[in-house]
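Analysis of the macromolecular model
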Amino acid sequence: MNKLFISFFYLWLIYCCIFSVSCMAQAIQKPLFQNKKFSIFADHVVQSKYSAEAISATKIVSNYKSQANLFKSADITFKFSINGKDNEMPSGTDHHFTCVAKDSACETPVIKFGTQLKNNVAPKDNTYLKPNTKFTVRVDMNDVFNQFNSKGFYTTFNGTKIYKEDFRGLYVAGSTAPLIWDFDNLVNHPQLLLKDNGNHIFSTTLILNSQSDDKKTNAEWNLSKDISNYPQYKSPYLISDAIYNMSLEEMIKAIEPDSTFRTGKEWAGVWTRDISYSIILSMAYMQPAVAINSLLKKVNKKKRIIQDTGTGGAWPCSTDRMIWAVAAFEVYKATGNKDWLQQAYIIIKNSIEDDEHVVYDTLTGMVRGESSFLDWREQTYPKWMQPADIFESECLGTNAVHYEANKVLAEMATILNDKKVAAKHKALAAQIKNGINKYLWMPDKGYYAQYLYGRNYKIISPRMEALGESLCIIFNIADAAKQKEMISKIPFTPYGVTCIYPEIPNIPPYHNNAVWPFVQTYFTWAAQKAGNKKAVMQSIADIYRPAVLFVTNKENFVAQTGDFAGTQINSSNMLWSLSGNISLVHKVLFGIKFETDKLSFHPFVPQALQGKRTLNNFKYRNAVLNISMNGFGNKISSFKVDGKSSPTFTIPATLTGEHEIEIQLSNNFTDNKTNDNVNEQRVYFSLPNPEVSLEKNMLKWEPIKDAVSYIVLKNGKTIASIKNNSFAIEKNITAEYQVIAIDKNKVLSFASEPILVADEKNISVYQAEDFASKSDSSFKGFTGKGFVETSTTLNRNLSFNINVAKEGSYRINFRYANGNGPTNTENKCAIRTLNVDEKESGTIVFPQRGKNEWSNWGYSNSVKIFLTKGKHIINLSFEDFDDNMNGEINQAMIDAMRLILLK
């Protein structure tokens, strides 16, 4: 009996142990975050059949493999391109060919340039490209060369003339790698250049679904660098600890031998916006010396901040270089380095003063220039927008940057006792803030519009722009009520907040249809500030997932799939992504904030991440802090320094030596009534914009598939909502028209390219060669008898003496050529100050239009002026503040000046 009892007892004990272990395992396996696409656990991530695990704080293993190459469609969509421009057929009209390989190869028929090839066979479901398929594409260019020989130029489908002397090559663009739809970058892909095989039949052979492109990540990460000199983090969540340590190691790898930051594993060199956003995130205090060296590398000899290359020749088409100022001030707050403060102050002041002349819009109070970091025009702008149009756009993120830069300069001036400068830039900051809230806030959506755009009449693009929205919250451009509303209304897709929303159709993933971890980090900061617990946790999960699965801090990934493969460009060991992961620990969970005279704590710990965590060896100026924190929430119940309670939750900048900081959270949030909604949405694409033409007095366009109606705009205002695809207008009134397509969910397309309608008597054209010596260059395509060159040495002042017949408001612009570079890179935008009767009246930009394409003519931006009846002097002058980023080449050919009477 006793033996039986003892046996039963042991069996019961074993059962209890097994049950207890099982319960513990289940508790451990409870996800910290879960949605329909993936789950985050304390030590691993699961996404579909793939998983990655933090074996320890210094080791991660993953079995993730990209699916991008497994099911590639055999239906190839492509188009030919002269000189890297979208100029063969109208947008949306492409060649279609089903590549059914025989002997691992397929070949198109000879396609006549400009004539659409439709599918050679009926497409079948589940027809996929075979690995390493050789794809030969052939095109007949005889019509083009016949026109070159008979007329000297070829006229494209939309009337553009391409001169024989400007022919630089024929490229193929498309949707299947190695084809790309980025026309601006075709010239950088030599395999996409077709060769003349004789008789003007051009061809090239590409390898589709190349197995060398098979996309894999590292299967494993093991710590190999000494990270002991940096803040040491431990928490109850192994996944968080491992990501943090991996990011520390990748930070070390990102430091070049010259003690500057490398942008990414695949990106050598220092880039203004990349280093600046990274420094703000965490590098200001993690690597202050390297941060300063990197910032100084982006300053020119005139002590101005260098704008990285961007649309139309860098600055002033792109103007987000001013994020440098915010980064520079973050370094000062972290280090207290007064010499650096003085040095940075001069650079920032010089740069903003140039911007005041060139890019500030006195009408809106805002600043012109491309969206911050979204510097690839087709990724976030309609295709019709020329670089001059992008210069005129007024963008949310860029204006948020300029607002904060002016605030920084004002604060620096206060510290340095320059009260006049402080007052001036406080006022400029307020002006920009007022403009953002007046012109870009969308009450119906609960967040800001991405930008104002257009030509003579600007309208809003109602897309959400994640970085700009986040910065408006972080910088307090949005008030507290707006901040909470924005975080609950901004669309949140399953893998994160996309750069823009909705996405643009027929544009491959990069900024479009993509999530960028560094942007997600700024969104996390914004959600933390707004007090949205759900958004913070979801955002942390969206940053942890790719870091663990990909076993590196990737640059970006496709929003629809969550996959790193498929974006146009990507890099591992990406500086701003790793900086973001470090900042999640320091600036979100521990809530560390650097101020001019102290370090303050504003922790935000989601309940799912509750528990005790430590951050030891955190260096602040001359102090070393060992910080422990327990609980969850954003409310501190106890804050102790070396065992003594402190009511302020701050550390003075004067503190020296090693100290112990103990933080107990109250396990709740300061405002439990905060709206914790998250606007969960699928990835969504708007319709393509209509392409409108004017026939007599009718606006006409091809019907847009899935459009339920169209909005017609006149001078930026809605005048009609219609179902059909034509609209009658008055031709004797000067006006600008656009059309927008609307889908069944009331989502708007981009507006069409503006069509200017004006009576000829209201348009005056003045030939430049009538007012200055014409150029001896033999470029073609000009009007009148010639054209005039303006450069740093020739015609620095170009004056037009005119006699105006009628008083009124006019739009003034210039027909020009600039063949100093492509539309998307380099830094040779020509800039001139417009003076009317010796009064500075605006800026005229002449962005690059194609490398060595000097017969490619177009119009500059336009400036609105008021002229009385009679004589006037219109002058283009080259001023000191008109220096571009090149510093030497600032050149354009001026064909004519155009004056359009508005009323």
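See the structure above.
Residues numbered from 1 in each chain as written. Predicted model: local features only at pLDDT ≥ 70, side-chain atom pairs only at ≥ 80, totals over all residues. Heavy atoms only, no water.

Considerations on the overall build of the protein chain
Scanning the protein chain from N- to C-terminus turns up 16 helices and 52 strands. Principal-axis analysis of the C-alpha atoms gives the protein chain an extent of 115 × 75 × 55 Å. Residue pairs in contact within the protein chain that sit at least 24 positions apart in sequence constitute 71% of those at least 6 positions apart. Surface accessibility of the protein chain: about 36,300 Å² in total, with carbon and sulfur atoms responsible for 51%. (Helix = DSSP H or I, 4+ residues; strand = E, 2+ residues; numbered from the N terminus. Contact = heavy atoms within 4.5 Å. Areas by Shrake-Rupley, 256 points an atom, 1.4 Å probe, with all protein chains shown as cover.)

Considerations on the state of the cysteines
Enumeration over the complete set of coordinates arrives at 1 disulfide. A sulfur-sulfur separation of 1.9 Å characterises the disulfide bridge that pairs Cys99 with Cys106. On the sign convention where negative means left-handed, the S-S torsion of about -85° between Cys99 and Cys106 marks this disulfide as left-handed. Here Cys99 and Cys106 have matching classes, each one buried. Looking at Cys395, it has no disulfide partner, and the nearest cysteine sulfur is the one in Cys317, 11 Å off. The structure places no disulfide on Cys499, whose sulfur is separated from the nearest cysteine sulfur, that of Cys395, by 14 Å. Judged by its relative accessible area of 1%, Cys499 is buried. (Disulfide = S-S within 2.5 Å. Buried < 20%, exposed > 50% of the residue type's maximum accessible area, 1.4 Å probe, protein only.)

Let's talk about unusual backbone geometry
A negative phi holds for most residues other than glycine; trans holds for most peptide bonds. Following Ala177, the chain continues into Pro178 via a peptide bond in cis, with omega recorded as 10°. Structurally, Pro178 can be placed in the loop between strand 12 (170-174) and strand 13 (193-196). Positive phi is not limited to glycine here, since Asn209 has a value of about 50°. Topologically, Asn209 is positioned in the loop between strand 14 (201-208) and strand 15 (220-222). Unlike most non-glycine residues, Arg621 shows phi in positive territory, near 50°. Mapped onto the elements, Arg621 comes out in the loop between strand 29 (613-620) and strand 30 (623-630).

Digging into the packing of helix 3 (residues 238-253) against helix 15 (residues 533-550)
Contact pair helix 3 / helix 15: the axes reach a minimum separation of 10 Å and the direction vectors enclose 70°. By the criterion of interaxial angle, the relationship of helix 3 to helix 15 is roughly perpendicular. You can see that helix 3 and helix 15 cross each other, and the crossing is left-handed. Counted together, Ile239, Ser240, Ile243 and Met246 of helix 3 and Tyr544, Ala547 and Val548 of helix 15 form the full contact between these two elements. Here the residues of the contact of helix 3 with helix 15 sort into 6 nonpolar, 1 polar and no charged. (Axes fitted to C-alpha atoms, helices over the stretch in contact; angles between N-to-C directions. Parallel < 35°, antiparallel > 145°, perpendicular 65-115°, else oblique. Left-handed = near helix turned anticlockwise from the far one by under 90°. Nonpolar A, V, L, I, M, F, W, Y, C, P; charged D, E, K, R; others polar.)

Details of the sheet that holds strand 20 (residues 451-454)
With antiparallel pairing, the 3 strands of this open sheet are ordered in space as 17-20-21. What marks the edges here is a single partner per strand, and that holds for strand 17 (394-395) and strand 21 (458-461). Sheet topology note: the strand 20/strand 21 ladder contains 4 bridges and is antiparallel. Within strand 21, the position partnered with Leu452 by the bridge is Ile460. (Pairing = 2+ DSSP bridges.)

A word on the side chain of Gln379
As for its placement among the helices and strands, Gln379 is situated in helix 8 (residues 377-380). Of the polar contacts made by the side chain of Gln379, one reaches the backbone nitrogen of His511; its length is 3.0 Å. (Polar contact = N/O pair within 3.5 Å; in protein donor to acceptor, adjacent residues only side chain to side chain.)

Quick word on the packing of helix 14 (residues 517-530) against helix 16 (residues 575-589)
The N-to-C vectors of helix 14 and helix 16 enclose an angle of 20°; their axes lie 8 Å apart at closest approach. As summarised for this structure, helix 14 and helix 16 are arranged roughly parallel, according to the angle between their axes. Considering the relative orientation of helix 14 and helix 16, their crossing is left-handed. When helix 14 is examined against helix 16, the residues Pro517, Phe518, Thr521, Thr524, Trp525 and Gln528 are found in contact with a partner set consisting of Trp576, Ser577, Gly580, Ser583, Leu584, Lys587 and Val588. Residue classes in the contact of helix 14 with helix 16 are distributed as 6 nonpolar, 6 polar and 1 charged.

Points about the pattern of salt bridges
Any two side chains of opposite charge can pair, on the condition that their charged atoms come close. Within the structure shown, the criterion is met by 39 salt bridges. Put simply, Asp86 and Lys383 hold a salt bridge, and the shortest N to O gap is 3.7 Å. On the criterion of sequence distance, the pair formed by Asp86 in the loop between strand 6 (75-82) and strand 7 (95-98) and Lys383 in the loop between helix 8 and helix 9 (387-392) is long-range, its members being 297 residues apart. You can call Asp86 partly exposed: its relative accessible area is 21%. One salt bridge connects Asp258 with Lys297, and the closest N-O pair in it is separated by 2.8 Å. Of this pair, Asp258 sits in the loop between helix 3 and helix 4 (272-286) while Lys297 sits in the loop between helix 5 (288-296) and helix 6 (323-335), and the two are 39 residues apart along the sequence. What makes Asp258 partly exposed here is its relative accessible area of 40%. One salt-bridge network, in which partners are shared between bridges, spans Asp361, Arg368, Glu392, Glu394 and Lys458. (Salt bridge = Lys/Arg side-chain N within 4 Å of Asp/Glu carboxyl O.)

Observations concerning the environment of Phe564
Along the chain, Phe564 falls in the loop between strand 26 (557-558) and helix 16. In this structure the C-alpha to C-alpha distance between Phe564 and Met486, which are 78 residues apart in sequence, comes to 28 Å.

Description of a negative patch on the surface
Residues Asp642, Glu658, Glu660 and Glu662 make up a contiguous surface patch of negative charge. Structurally, the position occupied by Glu658 is in strand 34 (residues 657-665). By relative accessible area, which is 55% here, Glu658 ends up exposed. (Patch = residues over 30% accessible without salt bridge, like charges linked within 9 Å, V, L, I, M, F, W, Y side chains within 5 Å. Lys, Arg positive; Asp, Glu negative; His and termini not counted. Charge placed at Lys NZ, Arg CZ, Asp CG, Glu CD.)

Observations regarding the sheet that holds strand 9 (residues 133-140)
Strand order in the open sheet formed by 7 strands is 7-6-12-13-14-9-8, with mixed pairing between adjacent strands. The sheet is open, and its two borders are formed by strand 7 and strand 8 (105-112), each paired with just one other strand. Sheet twist, expressed as the mean angle between neighbouring strand axes with direction ignored, is 30°. Two strands pair when backbone bridges link them, and strand 6 and strand 7 are joined in this way by 4 bridges, in the antiparallel orientation. By the bridge assignment, Asp75 is partnered in strand 7 with Thr98.

Digging into the side chain of His586
Relative to the assigned elements, His586 resides in helix 16. Not counting chain neighbours up to four residues away, the residues in contact with His586 comprise Pro231, Tyr244, Tyr285, Met286, Gly591, Ile592, Leu615 and Phe618.

Notes on the packing of aromatic side chains
In this structure the tally under the stated criterion is 56 aromatic pairs. Seen in terms of ring centroids, Phe33 and Phe38 are 5.7 Å apart; in terms of plane orientation they differ by 40°. Their pairing is tilted. Each member of the pair, Phe33 as well as Phe38, carries the same accessibility label: buried. Measuring from centroid to centroid gives 5.1 Å for Phe373 and Phe518, while their planes differ by 80°, and the two rings are edge-to-face. (Phe/Tyr/Trp six-rings, centres within 6.5 Å; stacked < 30°, edge-to-face > 60°.)

Re helix 7 (residues 338-358)
A rise of 1.5 Å per residue sets the reference length of helix 7, with its 21 residues, at 30 Å; its end C-alpha atoms lie 30 Å apart and thus fit the reference within 8%. When helix 7 is considered as a whole, its buried residues turn out to be Trp340, Leu341, Ala344, Tyr345, Ile347, Ile348, Asn350, Ser351, Ile352, Asp354, Asp355 and Val358. Sitting at the amino-terminal end of helix 7 is Asn337, which places a side-chain oxygen 3.1 Å from the backbone nitrogen of Asp339. (Expected span 1.5 Å × (residues − 1).)

Topic: the pairing of strand 45 (residues 797-804)
Side chains Leu798, Phe800, Ile802 and Val804 project from strand 45 onto a buried face, and the interleaved Asn797, Ser799, Asn801 and Asn803 project onto a face without burial. In the sheet, strand 45 pairs with strand 51 (residues 870-877) via 8 bridges, with the strands oriented antiparallel. The partner of Asn803 across the bridge, within strand 51, is Lys871.

Overview of the pairing of strand 31 (residues 636-641)
Note: strand 31 against strand 34, 5 bridges, orientation antiparallel. If you follow Lys640 over to strand 34, its bridge partner there is Glu662. Here strand 31 hands over to strand 32 (residues 644-645) after 2 residues, with Asp642 in that stretch at a positive phi of 55°.

Digging into the environment of Thr311
Among the secondary structure elements, Thr311 is positioned in the loop between helix 5 and helix 6. Among the residues examined, Thr311 registers a relative accessible area of 2% and is labelled buried.

Focus on the environment of Leu665
Within the secondary structure, Leu665 is located in strand 34. The exposure class of Leu665 is buried, given its relative accessible area of 2%. Put simply, Leu665 and Ser646 are 19 residues apart on the chain and 14 Å apart in space, counted from C-alpha to C-alpha.

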